[in-house]
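These are the residues of each chain, in order.
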Amino acid sequence: MDLTESEYGFIGEVLGDDEGALYLRTFAITDVSWNDETRGLYENRQSEGMEFRNHDTLFGAVLKSGEPVIANDPERDPRRGGLPDGHPPLTAFLGVPLYLGDQLVGMFGIGNRAQGYDDELLTALEPVITASARMIEAMQSRRARQDAQIQLAEAKEQAEKANMAKTEFLSSMSHELRTPMNAVLGFAQLLQLNPQVPLHPRQADSVEQILKAGNHLLELINEILDLSRIEAGRVKLDMEDIDPHEVLEDCVNYISPLAKRRDIGLFSDIPPLGRATIHTDRMRFRQVLLNLLSNAVKYNVENGSVRLSVHQDVPGFVRFCVTDTGPGIAVDKQEEIFEPFSRLGAETTDIEGTGIGLTISRKLTQLMEGQLGFESQLGQGSKFWIDLPGAAVEVVPVQEKRDHNHLPDFPKGMHTVLYVEDNPDNLCLMEEVIAMVDNAKLISAHTGELGVEMAQIHQPEVILMDINLPGIDGFEALRRLRGLNETSDIPIIAISADAMAEDIRRGLAEGFDAYLTKPIDLSQVIDHLSRAIEGTLRLDGDLKN
Ligand code: ADP
């Protein structure tokens, strides 16, 4: 305005409304308010810009024609629609369209230059016009960036909500599925293990099939849930410095019956205690290693072999290698191996699996700041490895091992077990389980309130407690039992279809002596009951099934 000695001026961008009509929104405008009402308008709209939509005006003529408009006698100019009453007089006007390429993006207008406006001035203003158009371009791209950021934030929020909903859905599905699975697997185990009623071999085969399919389904539920939790970033790792010795031995012991059954030689090359210590989550490390070892056994050839070895070639890392003599993996299929549910053709064989194990294992290894990789050649076998960060030395005590092959013995004497459970199928199953033990009897309550009363009256040696109960839940019942003199010392084992690690952690933190998940494992239930009766359950602090 100073440059052109104008009295009034504005600059703004040209936008299109919903019907495609152009209008002007100002970035800056000289305050020409002439009364309180217009003063208020100018003050309020200064920051967000004023909008002008009337095309029967001089600046409207710029929008309509897309050309500069010079009016040195605005009073009599036919393009002018008139000014509102009280508007300061307009003696001359220059409106200049601003273009980016061939697109009209804005305009500025100046008014009341004493000597009027002409083409010469317009030419002299060329650099200002170009700079103004660039300024509008910069504002538009900033706005586009802001819009994109807002959209991104919204999309992220939506994705997070969807993810939460998915995890919650899966967790409740898992709960809903576990409850009937408890009956299916529990009764099938009963048929299989009950020495009082031995099965005909063909019946035993059928039961074996039920157990196999049921366990497969259970594995699928667990793995899908695990994967969805990892993907939702909801896995809490318990990172510590450990000597992997014990985990390695445990994994080898765990896998060796499977290897023996398939005539696969299992060899391990484990470093002495105190060497090759790592920083990791013990349970997750075990899970990953077991996945690699079981794959190496499952996808192997007759009389093949599997070797577990430990290397410290990469500084700062310890490498755990599982090498097999299996059929290997074709190069064109190697990409797929970490895709969930992809089994590379194994789905048409009778080798059991879900195709999710390696997806989970790789994600978990990455979460533990390590790497999982493999090399494989068709017909030559495969070598899978995990690299985990090294750590300072810490020797870990060796844990007690459990034998899954026969039912554990129950302590001598007669024992009473109270089961608080509202589901009749589950109750019936537990009655059968306890009936298999000669020297134990089961009493039951179908609500928490009744459970507390029965515990006071009958003084059972151990209580099995469902969590989701009508009325007070298992946690409240636990609190009440702990608060009563007569029942405060009775071991209480939670037995629930809420099987997420958080549920288990919460259960133990609230004071249950152990937390078992449904579907139940018969040997495990009996083992826990007998240890509770012997008074050794709490010392053990056993967390998982
Ligand atoms: P699952 O074993 O449950 O199918 P994984 O995710 O552990 O799922 O493995 C995915 C697929 O990768 C397997 O189905 C199998 O085809 C292939 N695979 C895994 N490990 C090996 C191996 N050691 N040798 C050959 N193929 C393997």
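For the structure, see preceding data.
Predicted, not measured: the structure shown is a model, and the values here were computed from it.

Student: Looking at this model, I keep getting lost on the site of the ligand. Mind explaining?
Tutor: Lining the immediate surroundings of the ligand are 19 residues, of which N295, Y299, R343, T354 and L358 lie closest. At 3.0 Å, a side-chain N or O of K298 approaches an oxygen atom of the ligand. Relative to its unbound accessible surface of 530 Å², the ligand loses 96% to contact with the protein. In terms of residue count, the dominant contributor to the shell around the ligand is helix α7 (residues 282-298) (three residues).

Student: Explain the sheet that holds strand β8 (residues 265-269) here, please?
Tutor: Within a sheet, adjacent strands bond to each other through the backbone by hydrogen bonds, running parallel or antiparallel. Taken together, the five strands give an open sheet; going across it, the order is β8-β10-β11-β13-β12, and neighbouring strands pair in mixed fashion. Two strands lie at the open edges of the sheet, namely β8 and β12 (371-377), each paired on one side alone. Averaged over all adjacent pairs, the angle separating strand axes in this sheet is 15°, with direction ignored. In this structure, strand β10 (residues 305-311) lies alongside strand β11 (residues 317-324), joined through six bridges in antiparallel fashion. Counted as the bridge partner of V306 is D324 from β11.

Student: Looking at this structure, how should I read the nonpolar core?
Tutor: As a rule of thumb, nonpolar side chains are buried together in soluble globular proteins. Within the largest apolar cluster, 40 residues are counted, with the highest numbers of intra-cluster contacts made by F285, L289, L293, F320, F384 and I386. Mapped by element, the contributors of at least two residues to this core are α5 (201-231), α6 (245-261), α7, β10, β11, α8 (357-367), β12 and β13 (381-389). Contact partners of L293, with chain neighbours within four places excluded, come to C251, I255, L266, V306, L308 and V322. Within the second largest apolar cluster, 27 residues are counted, among which are L190, I520, L522 and V525.

Student: What should I look at first to understand the pattern of salt bridges in this one?
Tutor: Per the stated rule, a full pass over the model turns up 24 salt bridges. Where R284 meets D226, a salt bridge forms, and the shortest distance between an N and an O atom there is 3.1 Å. Of this pair, R284 sits in helix α7 while D226 sits in helix α5; the two residues are 58 residues apart in sequence, bridging distant segments of the chain. For the pair shown, R284 and D226 are each scored as buried. The partner of D466 in a salt bridge is K518, and the shortest N-O contact between them spans 3.3 Å. In this pair, D466 sits in the loop between β16 (462-465) and α11 (474-483) while K518 sits in the loop between β18 (514-517) and α13 (522-534), placing the two residues 52 residues apart along the sequence. Judged by its relative accessible area of 3%, K518 falls in the buried class.

Thresholds, definitions, all that
Residues numbered from 1 in each chain as written. Predicted model: local features only at pLDDT ≥ 70, side-chain atom pairs only at ≥ 80, totals over all residues. Heavy atoms only, no water. Near = heavy atom within 4 Å. Polar contact = N/O pair within 3.5 Å; in protein donor to acceptor, adjacent residues only side chain to side chain. Areas by Shrake-Rupley, 256 points an atom, 1.4 Å probe, with all protein chains shown as cover. Helix = DSSP H or I, 4+ residues; strand = E, 2+ residues; numbered from the N terminus. Pairing = 2+ DSSP bridges. Axes fitted to C-alpha atoms, helices over the stretch in contact; angles between N-to-C directions. Core = buried A, V, L, I, M, F, W, Y, C linked by side-chain atoms within 4.5 Å. Buried < 20%, exposed > 50% of the residue type's maximum accessible area, 1.4 Å probe, protein only. Contact = heavy atoms within 4.5 Å. Salt bridge = Lys/Arg side-chain N within 4 Å of Asp/Glu carboxyl O.

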